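# Structure at a glance
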Amino acid sequence: MRSTVLGASDGAAPPVGNDASHGGPGPEFGPWLEKASILIVDDEPGMRNFLVRTLGPRAKRVEEAADCEEATALLDQHHFDVVILDNIMPGKSGVEWLTEQREIGFFSDAILMTAYADLDTAIKALRAGAVDFVLKPFRSNQILNAVARCLDRMRLRRENHVLRHELRATSDHVLLRDKLIGYSPQIQEIRETIARVAPLPTSILISGESGTGKEVTARSLHALSDRAEKPFVPINCAAIPSEMIEAELFGHVKGAFTGAQSARDGLFMHAQGGTLFLDEVGELSLATQSKLLRAIESRRVRPVGSEREAPVDLRFIFATNADLEAEVDAGRFRADLFYRINVMHIEMPPLSARGDDVLELAELFMTKLSKQLGVRAVPMDAAVRAGLTRYDWPGNVRELRNLIERTLILGKFPEEFRDELADQGSQVDRDETLDEMERRHILAMLHKTNGNRNEAARRLGVSRKTIDRKCASWEQE
């Protein structure tokens, strides 16, 4: 390779180092390199060839451009995780080109290559948005480590953004968000549907009253899909101000609006490769609905103020507690968007229609919340269980959770959740305590089922864990 490739004053060829074997990606460069797409911009064919030979076998995709114009065309067509850019090129320097691209919607990390390590160039590179600086001549492991640092930085940035977004979310299903609880026929049917559609790329619409577990279902779909290792990004469309929703979803460039002091990726890009869950999609304005439809159909998003669209690879799941068909008829929801998202429909049943599932959920909340609050669990006798199953639960699972937390704080269930008829009917001996009555009843049911704890739990309307816990406490007495 010619000395001019490196721009080095000593005329030396680029050293490859003892790591220049071109096998699979080494673990020292991180697991993200093999999934990365990289763009190389350099006017020297020898340098481009060296970088392609170094990165090509290790990365998912490597493209090369001989000048800034060719690089711009490639950015218009594809998304690149990292751009490796030479600074000294004919016509326009790498720093100048990078500054222009940042202004029109370029969010990926850039590594600047240069043979001249002066302070002025370094300052300009940082101001232009370069995140790393590689001096020529360099070894192959130096550029590989620089790329690995960029990819790790990108991953951490996206994970932190998603975590901060989730912490701001208003979901109350913290204890339940990873799995559906209950064995009612409705929940069993939903589980079967999830198992069938989770591996498919199909868009899914989940409907149901507030607090019925729509986000839980969405997370279950993600967990069972081939995207399970990628981000799951939930977005409550009703919780984001209408004037900010577009920038939150699609991102924005610096100066796109008042207060946009720097460019930022949107949640679409932070969910790249994973699942985007748009809750309360019926709350979006008609203008945002139009842009969402275009993003879903083209799989490309245009950040606010950007001249360039960026491709996205996402699985879409939508949720609503509104009747979208009625909203379409009323002109408040686009018909084309409704038919685009309503490919597969899952309707979540209200808690009042799920029978004894309320008892299992109550047991779960009682166990988990008592540990979180550091207080003793409040026992649920026959009267309370009857009261829980009789209640209509207009607030669904969220209301049940709040009831259990309030009960733990007060040390007892509210009187309105005690079914006195059930209490009186089960009290055989007026001198018998409730704990003694409960023990006698559970042991009688175990005797009746020949010690089958699963069957005894089913007949009593409690979970198997409750039977196990009670028996263990009695054996310790």
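Under an unreviewed UniProt entry, the name given to the chain is Fis family transcriptional regulator, and the organism recorded is Thalassospira tepidiphila MCCC 1A03514.

Along its length, the chain carries 19 helices and 14 strands. Long-range pairs, those at least 24 residues apart, make up 72% of the contacts in the chain between residues at least 6 apart in sequence.

Here we come to the pairing of strand β10 (residues 275-279). Extensive coverage of β10 is indicated by the burial of five of its five residues. With burial as the criterion, each face of β10 is covered, one bearing Thr 275, Phe 277 and Asp 279 and the other bearing Leu 276 and Leu 278. Here five bridges tie strand β7 (residues 232-236) to β10, and the two strands are oriented parallel to one another. Each bridged residue has a counterpart across the sheet, and for Phe 232 the counterpart in β10 is Thr 275. Pairing between β10 and strand β13 (residues 315-320): four bridges, direction parallel. What sits directly across from Phe 277, in β13, is Ile 317.

Let us look at the sheet that holds β10. Taken together, five strands build an open sheet; the order of strands is β7-β10-β13-β6-β14 and the sheet is parallel. Looking along the sheet, the strands with just one partner apiece sit at the ends: β7 and β14 (344-347). Neighbour-to-neighbour, the strand axes of this sheet turn through a mean angle of 20 degrees, independent of strand direction. Each of β6 (204-207), β13 and β14 is contacted by helix α6 (residues 185-197), which is oriented at about 155 degrees to β14, the strand it contacts most.

This part takes up the environment of Val 312. Mapping Val 312 onto the fold places it in the loop between β12 (310-311) and β13. Sequence-wise, Val 312 and Arg 299 are 13 residues apart; in three dimensions their C-alpha atoms are separated by 5.4 Å.

Another aspect to go through is the pattern of salt bridges. Side-chain pairing between opposite charges can occur once the charged atoms of the two side chains come close. As enumerated under the stated definition, the model contains 23 salt bridges in all. Across the pair Arg 458 and Glu 455 runs a salt bridge, and its minimum N-O distance is 2.7 Å. Within this pair, Arg 458 and its partner Glu 455 are both found in helix α18 (residues 453-460), separated by three residues, close to a single helical turn. With a closest N to O distance of 2.9 Å, Asp 468 and Arg 464 form a salt bridge. Here Asp 468 pairs with Arg 464, and both are found in helix α19 (residues 464-476), just four residues apart, close to one helical turn. Judged by relative accessible area, which is 26%, Asp 468 ranks as partly exposed.

Before going further, it helps to spend a moment on the sheet that holds strand β5 (residues 132-135). Strands belonging to one sheet form pairs held by backbone hydrogen bonds; the direction of such a pair is parallel or antiparallel. Pairing in this open sheet of five strands is parallel, and the strands run β2-β1-β3-β4-β5 from one edge to the other. Only two strands of the sheet have a single partner each, and these edge strands are β2 (61-65) and β5. Ignoring which end each strand starts from, the neighbouring axes of this sheet average 20 degrees apart. Pairing between strand β3 (residues 82-86) and strand β4 (residues 109-114): five bridges, direction parallel. In the strand pairing of β4, Val 83 is matched with Ala 110.

In this section: the packing of aromatic side chains. The final tally for this structure, using the stated rule, is nine aromatic pairs. Relative to Phe 138, the ring of Phe 50 has its centre 6.1 Å away and its plane inclined at 45 degrees; by these criteria the two rings are tilted. Of the two residues, Phe 50 sits in helix α1 (residues 45-55) while Phe 138 sits in the loop between β5 and α5 (140-168), which places them 88 residues apart along the sequence. As far as the burial class goes, Phe 50 and Phe 138 line up, both buried. Taking 6.1 Å as the distance between ring centres and 25 degrees as the angle between the ring planes, the aromatic pair formed by Phe 232 and Phe 277 counts as stacked. A residue pair is termed long-range when its members are at least 10 positions apart, and Phe 232 in strand β7 and Phe 277 in strand β10 qualify at 45 residues. Assigned by exposure class, Phe 232 and Phe 277 land together as buried. Here the aromatic residues Phe 250, Phe 268, Phe 316 and Phe 318 are joined through ring pairs into a cluster of three or more.

Summarizing the sequence annotation, UniProt attributes the feature "modified residue: 4-aspartylphosphate" (unreviewed entry) to Asp 86 in the numbering used throughout. As for its placement among the helices and strands, Asp 86 is situated in strand β3. We classify Asp 86 as buried; its relative accessible area is 5%. Leaving out residues up to four positions away in the same chain, Asp 86 has contacts with Val 41, Asp 42, Asp 43, Gly 94, Leu 112, Met 113 and Lys 136.

On inspection of all chains with the given rule, the structure shows three cavities of 30 Å³ or more. There is about 140 Å³ of room inside the largest cavity. In terms of lining residues, the largest cavity is bounded by 14 residues, among which His 79, Gly 105, Phe 106, Ser 108 and Ala 310 are the most central.

Further remarks concern α18. All of the buried residues in α18 are Ala 456, Ala 457 and Leu 460. Here the buried residues of α18 occupy an arc of 100 degrees about the axis, which is enough to place them on one side. Between the side-chain oxygen of the N-cap and the backbone nitrogen of Asn 454 there are 3.1 Å, and the N-cap of α18 in question is Asn 452. Gly 461 sits one or two positions beyond α18 and adopts a positive phi of about 75 degrees.

Moving on: the layout of surface pockets. The rolling of a water-molecule-sized probe over the atoms marks out the regions of remaining empty space. Here the largest pocket defines a volume of roughly 920 Å³. A per-element tally of the lining of the largest pocket places α5 first, with eight residues. Considering only residue class, the lining of the largest pocket consists of 10 nonpolar, eight polar and 12 charged. Split by domain, the lining of the largest pocket shows at least three residues from each of two domains, domain 1 (33-152) and domain 2 (172-349). Contributing to the lining of the second largest pocket are 27 residues, with Ile 181, Tyr 183, Glu 360, Ser 463 and Arg 464 lying nearest its centre. Of all the elements in the fold, those that place two or more residues in the lining of the second largest pocket are α13 (357-373), α18 and α19.

Cut-off values and rules
Residues numbered from 1 in each chain as written. Predicted model: local features only at pLDDT ≥ 70, side-chain atom pairs only at ≥ 80, totals over all residues. Heavy atoms only, no water. Helix = DSSP H or I, 4+ residues; strand = E, 2+ residues; numbered from the N terminus. Contact = heavy atoms within 4.5 Å. Buried < 20%, exposed > 50% of the residue type's maximum accessible area, 1.4 Å probe, protein only. Pairing = 2+ DSSP bridges. Axes fitted to C-alpha atoms, helices over the stretch in contact; angles between N-to-C directions. Salt bridge = Lys/Arg side-chain N within 4 Å of Asp/Glu carboxyl O. Phe/Tyr/Trp six-rings, centres within 6.5 Å; stacked < 30°, edge-to-face > 60°. UniProt positions renumbered as here; feature names shortened; annotations may be inferred. 1 Å grid on protein atoms, 1.4 Å probe; cavity = no way out; pocket = protein on both sides within 12 Å on 5 of 7 lines; lining within 4 Å. Points joined across faces, edges and corners; volume = space filled by probe spheres on them. Arc of directions from axis to C-beta. Polar contact = N/O pair within 3.5 Å; in protein donor to acceptor, adjacent residues only side chain to side chain. Nonpolar A, V, L, I, M, F, W, Y, C, P; charged D, E, K, R; others polar. Domains from an automatic or database assignment.

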